[in-house]
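So the chains spell out like this:
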Amino acid sequence: MVLSCTDVRKTFGSAVVLDGLSLDVGEHEVVALIGASGSGKSTLLRCVNLLAEIDDGVIRLDGEDITDPRVDPDSVRQKIGLVFQSYNLFPHMTVLDNITLAPVRVHKRAATAAREQAMEWLDRVGLADKAGSYPDKLSGGQQQRVAIVRALVNSPRLLLLDEVTSALDPELVGEVLTMIRDLKGEGMTMVLATHEMGFARQVADRVAFLDQGRVLEQGPPAQVLGDPVEPRTRQFLARIIEAGRL
Amino acid sequence: MTTPLHTVSAVQQDRIAFRRRSAVRSVLLAAFSTAVVGTLLGVLVTGAPGWDRVRQSFFDPRIAVDWLPEILQGLWLNVRMLVFCALAALALGLLIAVLRTLRGPVFFPVRALATLYTYSFRGLPLIIVIYLMAFGIPGLRLQGTPSVTVLGGAAIVITYGAYLAEVFRAGIESVHPSQVAAARSLGLSYRQSMRFVVLPQAVRRVAPPLLNDTVALQKDVGLISLAGPIDAIRAAQIGVAQTANFTPYVVAGVLFVLLALPLIGITDWVTLRAARRQAGGE
Ligand SMILES: Nc1ncnc2c1ncn2[C@@H]1O[C@H](COP(=O)(O)OP(=O)(O)O)[C@@H](O)[C@H]1O
Ligand SMILES: [Mg+2]
């Protein structure tokens, strides 16, 4: 298992957001997290990346307990990429500097090598001409693709994607989804929180439905999205269909 | 975008002509009102009953020329103090601001001291700090006590450091937490996130108020004359005492304004640029 969450509990004050959640993700596997807004998808991803501290349970990365307080969180985060809904590019840096910051400062790579690698990636995703631009000169879809590249140049073991298309105009969603589909083709292990049920169906090996702080139901996309066992999953999907997002 | 072949429509030509007429009218109006106000002020001051005496005791050209060299020599001290104090106060302010952002119980004493410092020195008048430092510390009769000039400079640095720390802190707090989250998620340590992500954005945002405080500092550097060193103001004071005429003060004042002009200009330029960037342009 690349990622293994066991009985994870996370509270904010009196609100219990994750309540004994368990989820495993195997090598090269792509797991789609679905669930109502506020069901804890972002919180789970932040806990896995150690941006938030869990209140109970264990999270393991390649078998190592990363929630042990003796583990250095910086070294764990170096192995996990996280891409945010709101891109969170650094506005005072060019696209190229955004991408090379971690390789140079964290992984101590030579600046020229890091720049070459960044340019290769930008070329691949069709943004080579934007290398010297500042983020505010890019469209949302372009910014999000840069954010994904920024996470990928660190060669993470695991890539976490938090509703990476939710802030995008509909016509820009496709370019980001294509990029994620390509990553799956290369065997990247991914957990993606998403509202795009159609995309989850296409790209995910497994869909996990979060409800009341737990994974209520999980399985192949066709089963969970097409013929769910749990009544609450059915309710959720019915609401999504009503909203015209399936 | 207009193509080269685009012919401006009659409506648009009308608009352009109207805007041009309005622009000419406002320039004329501004010139006229400036002339009126200037003339009125001139008549009011030079026509005042005491004008001749004021001119003799404040604007005596001979005394101005006589004392200019001494005052300029004093000003050189102010310039050196300004550069040193401004840099030191900026560094101190940045350090204190960063210390105040540290979280966790281990840093409680550091945080508490930094907070106490900014609270007390923003409330304490600079003159009192200068007196305490420049006369109090030598009073201890310790070995190697620095000169009064250095102590006076230290008083300015300590006082302005407290103001600048608050400006830096406001800048740091204005950077959205998601920026730190993004930096940490890439594996950057807290220090690296501060250095490469938070501080560059924070400093850019508060550059106008920082420069503004530096202009205020450059003026207050003159207060060290109270402690004794012969700066421009002290030199002027000696001149006033010897000639029984206030002209040396006016000379010093004019020199201070001239000294401040470049910095004020830079401040305005930076502020304008920041405002434009805020508005969405570049
Ligand atoms: N920092 C926080 N402080 C307090 N409550 C929070 C915080 N972050 C998230 N929450 C709460 O946790 C719940 C789950 O949020 P989130 O993980 O963002 O859900 P999702 O991503 O599935 O929409 C929500 O009720 C939200 O209000
Ligand atoms: Mg969310």
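Residues numbered from 1 in each chain as written. Chains lettered and ligands numbered in written order. Predicted model: local features only at pLDDT ≥ 70, side-chain atom pairs only at ≥ 80, totals over all residues. Heavy atoms only, no water.

This brings us to the overall build of chain B. Scanning chain B from terminus to terminus reveals 10 helices and zero strands. Counted from the first residue to the last, chain B has its helices and strands arranged as α-α-α-α-α-α-α-α-α-α. Here the C-alpha atoms of chain B give a radius of gyration of 26 Å, more than 25% beyond the 19 Å that 2.2 N^0.38 yields for 282 residues. Going through the 282 residues of chain B one by one, you find that 35% of them count as buried. Of all intrachain contacts in chain B linking residues separated by at least 6 positions in sequence, the fraction that spans at least 24 positions is 75%. Side-chain charges of chain B comprise 25 positive and 12 negative groups, with the mean position of each set lying 12 Å from the other. (Helix = DSSP H or I, 4+ residues; strand = E, 2+ residues; numbered from the N terminus. Rg over C-alpha atoms; globule rule 2.2 N^0.38 Å. Buried < 20%, exposed > 50% of the residue type's maximum accessible area, 1.4 Å probe, protein only. Contact = heavy atoms within 4.5 Å. Lys, Arg positive; Asp, Glu negative; His and termini not counted. Charge placed at Lys NZ, Arg CZ, Asp CG, Glu CD.)

Considering all chains together, one arrives at zero disulfides over all chains under this definition. For the unlinked cysteine C47 of chain A, the closest cysteine sulfur is that of C5 of chain A, found at 8.8 Å. (Disulfide = S-S within 2.5 Å.)

To continue, consider the domain arrangement of chain A. It is common to report an interface's size as the accessible area lost on association of the parts. Residue and element names in this part refer to chain A. Domain annotation for chain A reports domain 1 (3–79 + 156–242) and domain 2 (90–154). Put simply, the middle of domain 1 and the middle of domain 2, counted by C-alpha atoms, are 25 Å apart. Taken together, the contact pairs 14 residues of domain 1 with 16 residues of domain 2. Our enumeration of links across domain 1 and domain 2 arrives at two salt bridges. Across the pair R145 and E175 runs a salt bridge whose closest N-O atoms are separated by 2.9 Å. Taken together, the connections running from domain 1 to domain 2 amount to four residue pairs in polar contact (both at pLDDT 80 or more). The biggest single contributor to the side of domain 1 that touches domain 2 is helix 6 (residues 170–185), with six residues. When grouped by side-chain class, the residues that make up the side of domain 1 that touches domain 2 number 11 nonpolar, one polar and two charged. (Domains from an automatic or database assignment. Salt bridge = Lys/Arg side-chain N within 4 Å of Asp/Glu carboxyl O. Polar contact = N/O pair within 3.5 Å; in protein donor to acceptor, adjacent residues only side chain to side chain. Nonpolar A, V, L, I, M, F, W, Y, C, P; charged D, E, K, R; others polar.)

Before going further, it helps to examine the packing of aromatic side chains. Taken as a whole, this structure holds seven aromatic pairs over all chains when the rule is applied. Taking the centre distance of 5.1 Å and the plane angle of 20° together, the rings of F58 of chain B and F246 of chain B count as stacked. Residue F58 of chain B is found in helix 2 (residues 51–58), and its partner F246 of chain B is found in the loop between helix 9 (232–243) and helix 10 (247–278); the two are separated by 188 residues along the sequence. Ring centres 5.4 Å apart and planes at 45° place the aromatic pair Y117 of chain B and F121 of chain B in the tilted group. Taken together, the positions of Y117 of chain B and F121 of chain B, both in helix 4 (residues 108–123) and four residues apart, correspond to about one turn of that helix. Residue classification places Y117 of chain B among the buried positions, given a relative accessible area of 14%. Sitting over the face of the ring of F90 of chain A, R150 of chain A holds its NZ or CZ atom 4.5 Å from the ring centroid. (Phe/Tyr/Trp six-rings, centres within 6.5 Å; stacked < 30°, edge-to-face > 60°. Lys NZ or Arg CZ within 6 Å of the ring centre and 35° of its normal.)

This paragraph deals with the packing of helix 5 (residues 140–152) of chain A against helix 6 of chain A. Residue and element names in this part refer to chain A. For the pair helix 5 and helix 6, the least separation of the axes is 8 Å and the interaxial angle reads 20°. With respect to helix 6, the axis of helix 5 lies roughly parallel. Note that helix 5 runs across helix 6; the crossing there is right-handed. Where helix 5 approaches helix 6, its residues G140, G141, Q142, Q144, R145, I148, V149 and L152 are matched on the opposing element by L172, E175, V176, M179, I180 and L183. The residue makeup of the contact of helix 5 with helix 6, split by class, is eight nonpolar, four polar and two charged. (Axes fitted to C-alpha atoms, helices over the stretch in contact; angles between N-to-C directions. Parallel < 35°, antiparallel > 145°, perpendicular 65-115°, else oblique. Left-handed = near helix turned anticlockwise from the far one by under 90°.)

Below, the discussion takes up a negative patch on the surface. Residues and elements named next belong to chain A. On the surface, a cluster of negative charge is contributed by D7, E53, D55 and D56. In this structure, D56 sits in strand 4 (residues 56–61). Exposure remark for D56: the relative accessible area of 48% places this residue in the partly exposed category. (Patch = residues over 30% accessible without salt bridge, like charges linked within 9 Å, V, L, I, M, F, W, Y side chains within 5 Å. Areas by Shrake-Rupley, 256 points an atom, 1.4 Å probe, with all protein chains shown as cover.)

The next subject is the pairing of strand 7 (residues 158–162) of chain A. For a regular strand, side chains alternate in direction, first toward one face of the sheet and then toward the other. Residues and elements named next belong to chain A. Within strand 7, five of the five residues are buried, which leaves the element mostly enclosed by the surrounding structure. Burial along strand 7 is two-sided: the residues L158, L160 and D162 and L159 and L161 are all buried. Assessed by its sense of winding, the connection that carries the chain from strand 7 through helix 6 to strand 8 (residues 190–193) is right-handed. (Right-handed = clockwise from strand over helix to strand, strands pointing away.)

This part takes up the sheet that holds strand 2 (residues 15–25) of chain A. Residues and elements named next belong to chain A. A sheet is described by the order of its strands in space; here four strands give the open sequence 2-1-4-5, paired in antiparallel fashion. The open sheet has two free edges, formed respectively by strand 2 and strand 5 (64–65), since each of these has just one partner strand. In this sheet, strand 5 lies alongside strand 4 in antiparallel orientation, the contact comprising two bridges. Residue pairing across strands places L61 opposite E64, the latter belonging to strand 5. (Pairing = 2+ DSSP bridges.)

Another aspect to go through is the pattern of salt bridges. Applying the stated criterion across every chain yields a total of 19 salt bridges over all chains. Residue D205 of chain A is joined to K184 of chain A by a salt bridge in which the shortest nitrogen-to-oxygen separation is 2.8 Å. Note that D205 of chain A is positioned in the loop between helix 7 (197–203) and strand 9 (206–211) and K184 of chain A in helix 6, a separation of 21 residues in sequence. Note on D205 of chain A: relative accessible area 35%, which makes it partly exposed. Between D52 of chain B and R55 of chain B there is a salt bridge, with the nearest N and O atoms lying 3.5 Å from each other. Here the residue D52 of chain B and the residue R55 of chain B both occupy positions in helix 2, the gap between them amounting to three residues, near one helical turn. The class for R55 of chain B is partly exposed, based on a relative accessible area of 42%. Through salt bridges with shared partners, a single ionic network connects R100, R122, E166, R169 and E173 of chain B.

So, about the site of ligand 1. Residue and element names in this part refer to chain A. Taken together, F12, V17, A36, S37, G38, S39, G40, K41, S42 and T43 make up the full set of residues near ligand 1. Between ligand 1 and G38, the relevant distance is 2.7 Å, taken from an oxygen atom to a main-chain nitrogen or oxygen of the residue. For ligand 1, whose accessible area on its own is 560 Å², the fraction buried by protein is 53%. Among the elements that take part in the shell around ligand 1, helix 1 (residues 41–48) stands out by supplying three residues, more than any other. (Near = heavy atom within 4 Å.)

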